[in-house]
Structures are given as C-alpha cells and as structure tokens.
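# Structural features, examined
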Amino acid sequence: MTATTPQRSAAAAPAGAKNKPKRELPPLTYGRKGNIEIFFLWVFVLAPWVALTAGLYLTRNTAWAMNWTQAALFLAFYVFTGLGITVGFHRYLTHGAFKAKRPLKIMLTLAGTMAVEGAPIRWVADHRRHHQFSDEEFDPHSPWRFGHSVKGLAKGLVWAHTGWLFTRENTNSRRFAPDLIADPDIRWFQKNFVYVLLFTLLLPTALGGLLTWSWQGAVAAYIWAGLVRIALVHHVTWSVNSVCHVFGERPFTTSDKASNVWWLAILSFGESWHNLHHADPTSARHGVDKGQIDSSARLIWLFEKAGWATNVRWPKASRLDAKRVEKQSVAA
Ligand SMILES: [Zn+2]
Ligand SMILES: [Zn+2]
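Residues numbered from 1 in each chain as written. Chains lettered and ligands numbered in written order. Predicted model: local features only at pLDDT ≥ 70, side-chain atom pairs only at ≥ 80, totals over all residues.

Phi at aspartate 135 is positive, roughly 60°, even though this residue is not glycine. Within the secondary structure, aspartate 135 is located in the loop between helix H4 (120-132) and helix H5 (150-161). Look at tryptophan 213: it is not a glycine, yet its phi comes out positive at around 50°. Tracing the sequence through the fold places tryptophan 213 in the loop between helix H9 (193-212) and helix H10 (215-242). (Helix = DSSP H or I, 4+ residues; strand = E, 2+ residues; numbered from the N terminus.)

Printed below as a string of structure tokens:
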C-alpha cells in the first residue's frame, strides 16, 4: 500500500487517448509480504544448496547414485518446468506472443507454476513492471539500481539475481495483470499454488521410487529432480535478470541495458537473447539471427503446427532491421 503512482511511458496509453482526461493508474505496489512468506523465500533460496550437498554426499554410496534414471528424471522436470516459465509465463502470459487453446493454456500455466517462481499473476505483474521501467527507478530488479561504479554494480548484480525477491512491497497485479485476474483458469493456479508446490516435489519422488523400486531411489529423485532441479531453473531465470542486463552484446536499440548472452542460450531455452526481447517484447522468437538457438520458439512452432497455438507473432525482417544498431548508425 503505497501512494507511489508513477505514470511513465506514453506508449502504455491507448491510441486516441490524447484528448481524454488522464485516468489515474492504480498504485505501483499493493500489500506487503508477511514474515511467513519471507521465511519460505529464504527456505527456497537456501534449501537447494543443502540438497545439493546432501545429493553429492549420498552419491558416494552407489545405492543413492545419480544414475541414468535419476539423470533422466532431472532432465525431464528441468525441461518441462523451464519451458513452462519461458513459453508459458513469459512469452504467452506476460507478452501475448501467441494465443493458446484452453488445454494448452492450462498445461503451460501448470508447467510454469511447477517451477516454483511464484504464482502466475504475481510473476507476470513483476515482469510487466520490469519492461515498463526497465533499468530505471521503478524496475523491480535492475542490476543498475546502485549506480555504475564497480561496487554499485556488484551489489546490483546480487540484487537483480536474488535480493529483489525479498522486497516487502508486492507489485500491484490490478495495475499490471488485470487480464489474468479476470481469467478463472489462471486464478485457480494463483489460489492453489501450495498444492502445485507439493505436486512438483512429490511427483519426481514417486516416479524415482517406482522406477527404481527402492526408497533410496525416491529420496535421490526428491533431491535431484525435485530440489536441485528447481534451484537450477531459478538461477537460470534469475541470470536473465542479472547477467543479461550487464554483460553481452546489444545489436538492437533499446532504452535499457538488456543484452544477448550466447552461453546461456541452451540452459535458458533461448531467453538469453534478451537484447532482442527488450527491442521487440511480443516476438515469439528471441534468437532471431543465424545460429541463435531458441528452443522455446521451436516449441511454439510445434504448438502452431499442431493447431494448439494461433496468432503467433513471428519476427518480421523489416521490423528487426529498423531496430538494428548498425543500420541506424549507417542511416545517421
Ligand atoms: Zn529484462
Ligand atoms: Zn519479457
């Protein structure tokens, strides 16, 4: 609950709204995280490190080893939930890069929620706010928050990577995600987040136990395909917020510091082509240039071929060319 109502971005105003009286936007933030929520955030940031240590220790005992079954479970859950974030929460729910039939919408929202990066409405509200104020004062996770000095940037990287999660003020979803609040399917996932959280940990545990027919297999799957997998998806997503706003290349013009980081492309399912993403946020493909791997875009293409996704916003050469830095400097 804050009185702050920044109104940046004329682009956010609907066309033809010029002469109409300005409608006051809802406040930027609404409500505060309680101590219990902050406690669980700490648990989810720290528990995977304990799990990783335990997993590595137990691997010394062959019965608990990270064998092919465990590796396959780890990979399957990493890919399913990782793509749930990139294709589901990010390209579909936040930016509307395509329209999805209802079963696909539900599957993508389930997959994204299983990544345990928060319930969908809050995730989307934070991310839309990030785009609206990117690398400026009201951006929830800019690494440039503490200035451009080496010390300020080091602090900013920690902030953008994890620190911002612990801010008490919640981004106001009534301002940033009214479309999702109006959707009963999405509201279901918002309300039942805790059950999805249990499901994302218990499903790999059960599969690990059944596939190896041993309780050691169940515990190992809980550690690797449960906790450690969640942590890896978290850190890759958070790297897009931290690394991809500091290091890397900027071939397209944006008003912020978003950059393309090639070495994160495979792990992040194409999300690290982040400079293009900020230049053209609704594009279904972020890796638009030759050799830029973007598995999220490939999956959207498959959904389109299957008839589950429509109105896909594929990149247009003329649009991209207009935003290329080199073309603009030649024209100038
Ligand atoms: Zn960004
Ligand atoms: Zn985005």
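The structure having been displayed, the exposition proceeds.
Confidence in the prediction of the chain, expressed as mean pLDDT, is 89, and 90% of residues score 70 or more. Note that residues 1-5 has pLDDT below 50 and, in this model, 14 contacts with residues that lie over four places away or in other chains. Here residues 7-18 scores under 50 on pLDDT; set against residues more than four positions off or in separate chains, the count is five contacts. (pLDDT = per-residue confidence, 0-100. Contact = placed C-beta atoms within 7 Å.)

We now examine the nonpolar core. For soluble globular proteins, the rule of thumb is that nonpolar side chains tend to be buried together. Membership of the largest hydrophobic core comes to 46 residues, with the highest contact counts inside it found for Tyr92, Phe98, Ile121, Val124, Ala221, Trp224 and Ile300. Going through the elements one at a time, helix H2 (68-94), helix H3 (102-113), H4, helix H8 (184-191), H10 and helix H12 (295-306) are the ones with two or more residues in this core. In terms of residues, this core owes the most to one element, H10, which gives twelve residues. The residues contacting phenylalanine 98, other than those within four sequence positions of it, are Tyr92, Ala284, Ile300, Ala309, Thr310, Asn311, Val312 and Arg313. Grouped together as the second largest cluster of nonpolar side chains are twelve residues, Val243, Phe252, Val261 and Leu264 included. (Core = buried A, V, L, I, M, F, W, Y, C linked by C-beta atoms within 7 Å. Buried ≥ 20, exposed ≤ 12 C-beta atoms within 10 Å, placed from the backbone.)

This part is about H8. Ile186, Phe189 and Gln190 are the residues of H8 that are buried. Down the axis of H8, the buried set is contained in an arc of 105°. They therefore lie on one face. Across from the buried face of H8, at angles greater than 90 degrees, the exposed residues are Pro184, Asp185 and Lys191. Among the structural elements, H3, H4, helix H7 (178-181) and H9 are those in contact with the buried residues of H8. (Arc of directions from axis to C-beta.)

What follows covers the environment of proline 143. Mapping proline 143 onto the fold places it in the loop between H4 and H5. Here proline 143 falls in the buried class, since 26 other C-beta atoms lie within 10 Å of it. Linking proline 143 and asparagine 241, residues 98 residues apart in sequence, is a C-alpha distance of 7.8 Å.

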